[in-house]
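Residue-level structural notes
Now for the letters of each chain:
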Amino acid sequence: MTSERGPEEEWDYSPLPADMRLYDARTYTDLGTLDVDGETFAIRGSDDGAHHYDWVSGPNPGYGFTVGGGSSPRSRDRHVAEIRDFLAAVDPATGYL
């Protein structure tokens, strides 16, 4: 898969524990689910602009990734690009980065 992010954007994926709410004091709002390339992700936005993506259809329950904040809302295309970049980095043998 190819990345759909622009050259000026750097995204940092950080694996979190299965129940990230134990470690993350941010307030999240459920934004719904998105299917990308046959995989389903539940998306939550935080009060500081970060977004967390729970890999609902993935092989490891509770696994996902978070993308740091920003001041402007993310478009559907941006969510899709972030998910595709994550999926491209996942080891198919383990289901983890």
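Basis of the calculations
Residues numbered from 1 in each chain as written. Predicted model: local features only at pLDDT ≥ 70, side-chain atom pairs only at ≥ 80, totals over all residues. Heavy atoms only, no water. Core = buried A, V, L, I, M, F, W, Y, C linked by side-chain atoms within 4.5 Å. Buried < 20%, exposed > 50% of the residue type's maximum accessible area, 1.4 Å probe, protein only. Helix = DSSP H or I, 4+ residues; strand = E, 2+ residues; numbered from the N terminus. Phe/Tyr/Trp six-rings, centres within 6.5 Å; stacked < 30°, edge-to-face > 60°. Pairing = 2+ DSSP bridges. Axes fitted to C-alpha atoms, helices over the stretch in contact; angles between N-to-C directions. Contact = heavy atoms within 4.5 Å.

Turning our eyes to something else, we now look at the nonpolar core. The nonpolar side chains of a soluble globular protein tend to be buried with one another. Counting 14 residues, the largest nonpolar core has Phe 41, Tyr 53, Trp 55, Phe 65, Ile 83 and Phe 86 as the members making the most contacts within it. Mapped by element, the contributors of at least two residues to this core are β1 (28-36), β2 (39-46), β3 (51-55), β4 (64-67) and α1 (76-89). The element that contributes the greatest number of residues to this core is α1, accounting for 4 residues.

This structure, assessed with the given rule, holds 8 aromatic pairs. Relative to Trp 55, the ring of Phe 41 lies with its centre 6.0 Å away and its plane at 5°, an arrangement referred to as stacked. In this pair, Phe 41 sits in strand β2 while Trp 55 sits in strand β3, placing the two residues 14 residues apart along the sequence. Judged by its relative accessible area of 0%, Phe 41 is buried. Here Phe 41 and Phe 86 contribute two aromatic rings whose centre-to-centre distance is 6.0 Å and whose plane-to-plane angle is 90°, an arrangement assigned as edge-to-face. Of the two residues, Phe 41 sits in strand β2 while Phe 86 sits in helix α1, which places them 45 residues apart along the sequence. Pair check on accessibility: Phe 41 and Phe 86 agree, each one buried.

So, on to the sheet that holds β3. In space, the 4 strands of this open sheet follow the order β1-β2-β3-β4, with antiparallel pairing throughout. Each having just a single partner strand, β1 and β4 make up the two edges of the open sheet. Between one strand axis and the next, the sheet turns through 20° on average, direction left out of account. Pairing analysis gives 4 bridges linking β3 to β4, with the strands arranged antiparallel. Each bridged residue has a counterpart across the sheet, and for His 52 the counterpart in β4 is Thr 66. Contacts from α1 reach β1, β2, β3 and β4 within the one sheet, and its direction differs from that of β1 by about 70°.

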